[in-house]
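# Summary of the model geometry
Here is how the chains run, residue by residue.
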Amino acid sequence: GAVVSQHPSRVICKSGTSVKIECRSLDFQATTMFWYRQFPKQSLMLMATSNEGSKATYEQGVEKDKFLINHASLTLSTLTVTSAHPEDSSFYICSATGLRSPYEQYFGPGTRLTVT
Amino acid sequence: KNQVEQSPQSLIILEGKNCTLQCNYTVSPFSNLRWYKQDTGRGPVSLTIMTFSENTKSNGRYTATLDADTKQSSLHITASQLSDSASYICVVSVTSGTYKYIFGTGTRLKVLA
């Protein structure tokens, strides 16, 4: 089956610093990757959709200058939280779809970000 | 407006009992419906996927049903186990050029010994 990994699984950073989260599709080419944020006891909230080689499409209310998304290759997308604040502390999850089954979303294990 | 609603919001059952989770959707054009299990602190894992023409699909102790006429789906868990404690998320896919995924709010299930 298709596997999506995320790194790191947990990260703690100080307020004002930036942190990068990687999302990789390990055994398939991900034409589209999605980034979600999830607060405790809530469902996933889509932040942005990225297609390889093009700019990400951000959901309403998500600051594109704060959450930088890069999808430079068919197996890697990165989310950089810039000038992090404590309210950015959350669980960030990526997912990917491939050419063979564009309706099939494969989720990564998530990254727990804590901003102190 | 495309919406997916799940009920109940949370559920507590005893180990060995059965339970049924509900998902109602108002989505168009419908492509497919998927149930995910999400353990705390982990990413969602797919349980079943159902297209418009499918009524029932099973995956071990999990059985999903779909009524495309009433736009309702259910996930039935048989002989629950402690490891079934998780959030269950219903996701409906929409196709209008590209795929769009509409997430339900989830049902938090806790199975007690």
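The following paragraphs examine the structure supplied in this document. Fair warning: this is a prediction, and the values are worked out from it, not measured in the lab.

Let us look at the sheet that holds strand 1 (residues 4-7) of chain A. Pairing between the strands of a sheet is mediated by backbone hydrogen bonds and can be parallel or antiparallel. All names here are of chain A. What the four strands build is an open sheet, ordered 1-3-8-7; its pairing is antiparallel. Of all the strands in the sheet, just strand 1 and strand 7 (67-73) have a single pairing partner and so form its edges. For this sheet the average axis-to-axis angle between neighbouring strands, irrespective of direction, equals 15°. In this structure, strand 7 lies alongside strand 8 (residues 76-81), joined through five bridges in antiparallel fashion. Directly across from Ile 69, in strand 8, lies its bridge partner Leu 79.

As a further point, take the nonpolar core. The tendency in soluble globular proteins is for nonpolar side chains to be buried side by side. Of all hydrophobic cores here, the largest spans 26 residues; its most connected members are B:Val4, B:Tyr25, B:Leu33, B:Trp35, B:Leu75, B:Tyr88 and B:Val92. Among the secondary structure elements, those contributing two or more residues to this core are strand 3 (19-26), strand 4 (30-38), strand 5 (45-51), strand 7 (62-67), strand 8 (72-77), strand 9 (86-96) and strand 11 (107-112) of chain B. Of all the elements, strand 9 of chain B adds the most residues to this core, at five residues. Residue contacts for B:Val92: discarding those within four places in its chain leaves B:Val4, B:Tyr25, B:Val27, B:Phe30, B:Asn32, B:Leu33, B:Lys100, B:Tyr101 and B:Ile102. A:Phe28, A:Tyr58, A:Ile69 and A:Tyr92 belong to the second-largest nonpolar core, a separate cluster that totals 25 residues.

Moving on: the pattern of salt bridges. Tallied over the full model, the rule gives six salt bridges over all chains. One salt bridge in this structure joins A:Glu104 and B:Arg34, with 2.8 Å as the shortest N-O distance. Taken together, the positions of A:Glu104 in the loop between strand 9 (90-98) and strand 10 (106-107) and B:Arg34 in strand 4 put the pair across two chains. In this pair, the class of A:Glu104 matches that of B:Arg34, namely buried. Between B:Glu54 and B:Lys57 there is a salt bridge, with its nearest N and O atoms 3.0 Å apart.

Bringing the state of the cysteines into the picture now. Scanning the entire structure with this criterion turns up two disulfides over all chains. Across the disulfide from A:Cys23 sits A:Cys94; the S-S distance is 2.0 Å. For the disulfide bridge between A:Cys23 and A:Cys94, the dihedral angle about the S-S bond is near 80°, and by the sign convention the bridge is right-handed. Of this pair, A:Cys23 sits in strand 3 (residues 19-25) while A:Cys94 sits in strand 9; the two residues are 71 residues apart in sequence, bridging distant segments of the chain. Overall, the relative accessible area of 0% leaves A:Cys94 in the buried class. Disulfide pairing places B:Cys23 opposite B:Cys90 at an S-S distance of 2.0 Å.

With that settled, the discussion passes to the environment of B:Gln3. Of note, B:Gln3 is situated in strand 1 (residues 3-7). When the C-alpha atoms of B:Gln3 and B:Leu66 are compared, they prove to be 16 Å apart, with 63 residues separating the residues in sequence.

A few words now on unusual backbone geometry. A cis geometry characterises the amide bond from B:Ser7 onward to B:Pro8, with omega recorded as -10°. For the bond from B:Ser28 to B:Pro29, the omega torsion is -10°, close enough to zero to count as cis. Topologically, B:Pro29 is positioned in the loop between strand 3 and strand 4. We note that A:Lys41 has phi near 60°; this positive angle belongs to a residue other than glycine. In this structure, A:Lys41 sits in the loop between strand 4 (30-38) and strand 5 (45-51). Residues other than glycine seldom take positive phi values, yet A:Ser83 does so here, at roughly 45°. With respect to the element layout, A:Ser83 can be found in the loop between strand 8 and strand 9. You can call A:Ser83 partly exposed: its relative accessible area is 35%.

Residue and element names in this part refer to chain B. Tracing the chain through its elements places Thr 48 in strand 5. On a C-alpha basis, the gap between Thr 48 and Thr 95 in space is 19 Å, while along the polypeptide they are 47 residues apart. When neighbours within four sequence positions are excluded, Thr 48 is seen to be in contact with Leu 33, Arg 34, Trp 35, Lys 57, Asn 59 and Ala 64.

About the thresholds
- Residues numbered from 1 in each chain as written.
- Chains lettered and ligands numbered in written order.
- Predicted model: local features only at pLDDT ≥ 70, side-chain atom pairs only at ≥ 80, totals over all residues.
- Heavy atoms only, no water.
- Pairing = 2+ DSSP bridges.
- Helix = DSSP H or I, 4+ residues; strand = E, 2+ residues; numbered from the N terminus.
- Axes fitted to C-alpha atoms, helices over the stretch in contact; angles between N-to-C directions.
- Core = buried A, V, L, I, M, F, W, Y, C linked by side-chain atoms within 4.5 Å.
- Buried < 20%, exposed > 50% of the residue type's maximum accessible area, 1.4 Å probe, protein only.
- Contact = heavy atoms within 4.5 Å.
- Salt bridge = Lys/Arg side-chain N within 4 Å of Asp/Glu carboxyl O.
- Disulfide = S-S within 2.5 Å.

From the geometry alone we can't say anything about function, so treat these as descriptive.
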